[in-house]
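Chain by chain, the residues run as shown.
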Amino acid sequence: MTPDLLEAGAQRLHARAAQQTTGQTASGGHAAGFSRIRTSQEVDVSHGRILYLEDVNVSFDGFKAIKHLSLDIAPGELRCIIGPNGAGKTTMMDIITGKTRPDSGTVFFGSTIDLLRHSEPEIAQLGIGRKFQKPTVFEQLTVYENLELALKTHKGVRASVFFKRGSEQAQRLIEVLHTIHLQDSLNRQAGLLSHGQKQWLEIGMLLTQDPKLLLLDEPVAGMTDQETERTAELFLSLKGKHSLVVVEHDMAFIKAISNTVTVLCEGAVLAQGPLAQVQADERVIEVYLGR
Ligand code: ADP
Ligand code: MG
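A quick note: this is a predicted structure, and the numbers were derived from the prediction, not measured.

Criteria and thresholds
- Residues numbered from 1 in each chain as written.
- Chains lettered and ligands numbered in written order.
- Predicted model: local features only at pLDDT ≥ 70, side-chain atom pairs only at ≥ 80, totals over all residues.
- Helix = DSSP H or I, 4+ residues; strand = E, 2+ residues; numbered from the N terminus.
- Contact = placed C-beta atoms within 7 Å.
- Core = buried A, V, L, I, M, F, W, Y, C linked by C-beta atoms within 7 Å.
- Buried ≥ 20, exposed ≤ 12 C-beta atoms within 10 Å, placed from the backbone.
- Pairing = 2+ DSSP bridges.
- Axes fitted to C-alpha atoms, helices over the stretch in contact; angles between N-to-C directions.
- Expected span 1.5 Å × (residues − 1).
- Arc of directions from axis to C-beta.

**As for the environment of Ala190**
Turning to step 1, where the next piece is worked out: Here Ala190 shows up in the loop between helix 5 (167-179) and helix 6 (195-207).
Turning to step 2, where the next piece is worked out: For Ala190 and Leu201, which are eleven residues apart along the polypeptide, the C-alpha to C-alpha distance reads 8.3 Å.
Turning to step 3, where the next piece is worked out: Residues contacting Ala190, with those up to four places away along its chain left out, are Val137, Phe138, Glu139, Leu141, Thr142, Val143, Asn146, Lys198 and Leu201.

Have a look at this one:
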């Protein structure tokens, strides 16, 4: 597939999307034009942190799911988070993405953006992408169409005729297709992909937004060993360009990608360090084996 053909395809899809969306909003389609405007806030990582949580607490009906949680992530870092079921791993991601509000604590993106002052869609716009466990690709659309839609869509707000078009867009999609190793499947219907390929496609959809921070919750669950290995390669290739926080149970996968591992237990950090070190930690062994 040549770039020209890709671009022709992109333009066709663009025209179709524009036709479908024009006039569908309350403002006759005009509101959609604002969807690509990013906030002017840049992430200030001069203090060596892209994400910073301090003394965060969350209760659900009196049950303390997160207790005095503190954590920081360096720019370009790939951090792995492990911990038993119910440790608060998903809740931590809910807090970072604005889905759950903590009762107290500090959550900063870089050293200047207070995430607790932003809504879930705003946080996505600021450059924090999240991948949930279950793939949510559009099964009837092709791989390419899924990526195209993701490029133009930000958290459900559909861009229309105002969107930047043409070669720049096609170029970005080609890059993403290569990154996720689906360049040979671009015309394949997403519903026909393997589970692992769907997961990669969804990661690709996030990558079209060029997120600064990516949160991935159990990305290799249900994958074959070979798919898991390829996912490890993918994540290693993303590291440096993006910061990644990966929650996983698969220890072979963690071993392949990890530098620093954080062990969460009962809503707080139990241990942190290289995988071998946390695996040898008595308290960690206790929570995994001791009950
Ligand atoms: P993990 O992802 O580490 O398995 P979770 O963050 O999903 O753990 O859950 C942590 C704890 O908080 C669990 O005991 C869970 O039942 C509870 N919890 C999570 N979300 C809610 C909610 N919305 N309402 C009530 N309890 C919740
Ligand atoms: Mg979870």
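**Quick word on the nonpolar core**
Turning to step 1, where the next piece is worked out: Membership of the largest hydrophobic core comes to 72 residues, with the highest contact counts inside it found for Ile96, Phe109, Leu147, Leu201 and Val246.
Turning to step 2, where the next piece is worked out: Other than its neighbours up to four places away in sequence, Leu201 contacts Val137, Val143, Asn146, Ile180, Leu182, Ala190 and Leu193.

**Considering the sheet that holds strand 3 (residues 78-82)**
Turning to step 1, where the next piece is worked out: Strands sit in the order 6-9-10-3-11-12 across an open sheet of six strands; the sheet is mixed. Each edge of the open sheet carries a strand with a single partner, namely strand 6 (128-131) and strand 12 (268-273). Each strand of the sheet is rotated relative to its neighbour by a mean of 20°, with strand direction disregarded.
Turning to step 2, where the next piece is worked out: By the bridge criterion, four bridges tie strand 3 to strand 10 (residues 243-247) in an arrangement that is parallel.

**Regarding helix 7 (residues 225-238)**
Turn by turn, an α-helix covers 3.6 residues, leaving residues three or four places apart pointing in a common direction.
Turning to step 1, where the next piece is worked out: Taking 1.5 Å of rise per residue, 14 residues should cover 20 Å, and helix 7 covers 20 Å from first to last C-alpha, within 8% of that figure.
Turning to step 2, where the next piece is worked out: The complete set of buried residues in helix 7 reads Thr231, Ala232, Leu234, Phe235 and Leu238. Along the axis of helix 7, the buried residues cluster in a sector spanning 165°; they form a single face. Structural note: helix 7 exposes Asp225, Gln226, Glu233 and Ser237 on the side pointing more than 90 degrees away from its buried face.
Turning to step 3, where the next piece is worked out: In this structure, the buried side of helix 7 is in contact with strand 3, helix 6, strand 10 and helix 8 (251-257).
Turning to step 4, where the next piece is worked out: A positive phi of about 95° marks Gly240, the residue just after helix 7.

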